[in-house]
Amino acid sequence: MENFKNEKSHVLIAIFPGQGHINPSLQFSKLLIKLGIKVTLSTSLTAFNRIKKLPNIEGLSFAAFSDGYDGNFKGSLNEFHLFNSSMKSHGSEFILNLMKSNSKNGSTPITHVIYTVLMDWAGSIAKKFNVPSTLFWTQPATVFDIYYYRFTDYSDYFKNCDSNDKVIELPGLPPLSPIDFPSFVYDDVESYNWAVESMKRQIEILNSEENPRILVNTFDDLEFDALRILKNVTMVAIGPSITSSFLDDNSFGADMIEISSNDYMDWLDKRSNGSVIYIAFGSYAEISSQLMEEIGQGLLKCGRPFLWVIRQGQNGEKPEEKLSCKEELEKQGKIVSWCSQVKVLKHPSIGCFLTHCGWNSTLESIAFGVPIVACPVWNDQVCNAKLIQDVWKNGVRVNSGEKDIVERDEFKRCIEIAIGGGENGEELRKNAKKWRDLAKEAVKENGSSNVNLKAYANEFLLGRRC
């Protein structure tokens, strides 16, 4: 990528303190720095307290603020509005003062604010200083389109969606059922109200701007129509913005998070190519003991080696201890509390990925050509699973049985399709390789995402016209 030097360009990236926001923002920052743009990353101590080692890169600085909890929030998802409110209150004051001090103390003033999903208030602060701002959408373009339709001209389409058999046709998108909608389109779930309001406010802000741009963590070939269907918003695909080992460069990546033993890599080295089932449900997703048991029993039914990441609980408890089949599982595969996901997905022994379909995990699967077994939990994950199975056709989505529980035989069925033989499995693996190759093309020097980012940076961050 061509190096530009512009000492007057200083971008503040305000990040929601979730791993799905932090990882792509870190990689995005690196790309901006290569263009000669100074970057300050700002998020709350809840995120910073989980980082083992901050990278020392010229042009990159960090600005952490208290969110009132600083990693000690113990509430459930139903109480998350308390955390969000506290973070917004503390973060607004911090960023306001940060922008004031940067304009007064001789530092390079902040010339642009980029903010991730659920951080619309950071864009509002930028307006007070007449500083332009841009949303960095860290989910698929398709999901943004759904929210845009929900809170503008197609809101009636989302009413009375009490049947999962109902099919809704929205411009530029595949046919969707209510089961495919991201969580925050519904305002009748009290615990989601804070997020629904944030999404609605975000759309209103964009519609009040003249020709707004949105940076999207996707690439043109993956979501061509979804990126272009909206007439009032210009969506700029700059992804996949994933940890740098995708590009064989480790200046960002696994060292950002607390690293445990690497013995799982030695274990993978001893497995044959394409033989291992990798299971992980992200940094925050909570799965019930019942679902965990069904996954475990499904793995036993498959009889294949597996690497399963089961995070420790908030108080250090090990959920795997509750598995009735723990001893049998440990003879067949390996259970760890953490691993470097990009290193694992890159390993030739991995045959498929059983995932909650968070967008980071989905993009990483795509980037490394790994077939997916999709087991979404909530939020954008359900829409991502729809795209995986029915649009990109690089994976298979599990079906829920009674009481919305996915049963062990269903896990076995889907895993065998993704990793085993048969015509369906062959198609999945062929498509997975196709998307992997297109993803790698997108981030090359003259690839679509690289060209898109340089054009955006030239016009809006460096003040140049292409």
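- For the chain, an unreviewed UniProt entry supplies the name Glycosyltransferase and the organism Datura stramonium.
- Listed under Sequence similarities (unreviewed entry) in UniProt, the entry text for the chain is "Belongs to the UDP-glycosyltransferase family."

### Digging into the nonpolar core
The nonpolar side chains of a soluble globular protein tend to be buried, and buried together.
Turning to step 1, where the next piece is worked out: Membership of the largest hydrophobic core comes to 56 residues, with the highest contact counts inside it found for Trp137 and Phe144.
Turning to step 2, where the next piece is worked out: Take this core: its biggest share by element is seven residues, from helix α5 (residues 141-150).
Turning to step 3, where the next piece is worked out: Filtering out sequence-adjacent residues up to four positions away, Trp137 remains in contact with Val117, Val143, Phe144, Tyr147, Met199, Ile214, Leu215, Val216 and Asn217.
Turning to step 4, where the next piece is worked out: Core analysis: the second largest hydrophobic core is formed by 36 residues, Ile242, Tyr264, Cys357 and Leu363 among them.

### Looking at the environment of Thr43
Turning to step 1, where the next piece is worked out: Along the polypeptide, Thr43 turns up in strand β2 (residues 38-44).
Turning to step 2, where the next piece is worked out: Separated by 69 residues in the primary sequence, Thr43 and His112 place their C-alpha atoms 16 Å from one another.
Turning to step 3, where the next piece is worked out: Setting aside residues up to four positions removed in sequence, Thr43 forms contacts with Ile15, Phe16, Pro17, Phe48, Ala63, Ala64 and Phe65.
Turning to step 4, where the next piece is worked out: Among the polar contacts made by the side chain of Thr43, one reaches the main-chain carbonyl oxygen of Ile15 at a distance of 2.7 Å.

### Points about the pattern of salt bridges
Turning to step 1, where the next piece is worked out: Summed over the entire model, instances satisfying the criterion amount to 16 salt bridges.
Turning to step 2, where the next piece is worked out: For the salt bridge of Asp156 with Lys159, the shortest nitrogen-to-oxygen distance reads 3.1 Å.
Turning to step 3, where the next piece is worked out: The partner of Arg304 in a salt bridge is Glu416, with the nearest N and O atoms 3.1 Å apart. Taken together, the positions of Arg304 in the loop between α9 (289-302) and β9 (306-309) and Glu416 in helix α14 (residues 408-419) put the pair 112 residues apart, joining distant regions of the chain.
Turning to step 4, where the next piece is worked out: Through salt bridges with shared partners, a single ionic network connects Glu321, Lys326 and Glu330.

The rules behind each value
- Residues numbered from 1 in each chain as written.
- Predicted model: local features only at pLDDT ≥ 70, side-chain atom pairs only at ≥ 80, totals over all residues.
- Heavy atoms only, no water.
- UniProt positions renumbered as here; feature names shortened; annotations may be inferred.
- Core = buried A, V, L, I, M, F, W, Y, C linked by side-chain atoms within 4.5 Å.
- Buried < 20%, exposed > 50% of the residue type's maximum accessible area, 1.4 Å probe, protein only.
- Helix = DSSP H or I, 4+ residues; strand = E, 2+ residues; numbered from the N terminus.
- Contact = heavy atoms within 4.5 Å.
- Polar contact = N/O pair within 3.5 Å; in protein donor to acceptor, adjacent residues only side chain to side chain.
- Salt bridge = Lys/Arg side-chain N within 4 Å of Asp/Glu carboxyl O.

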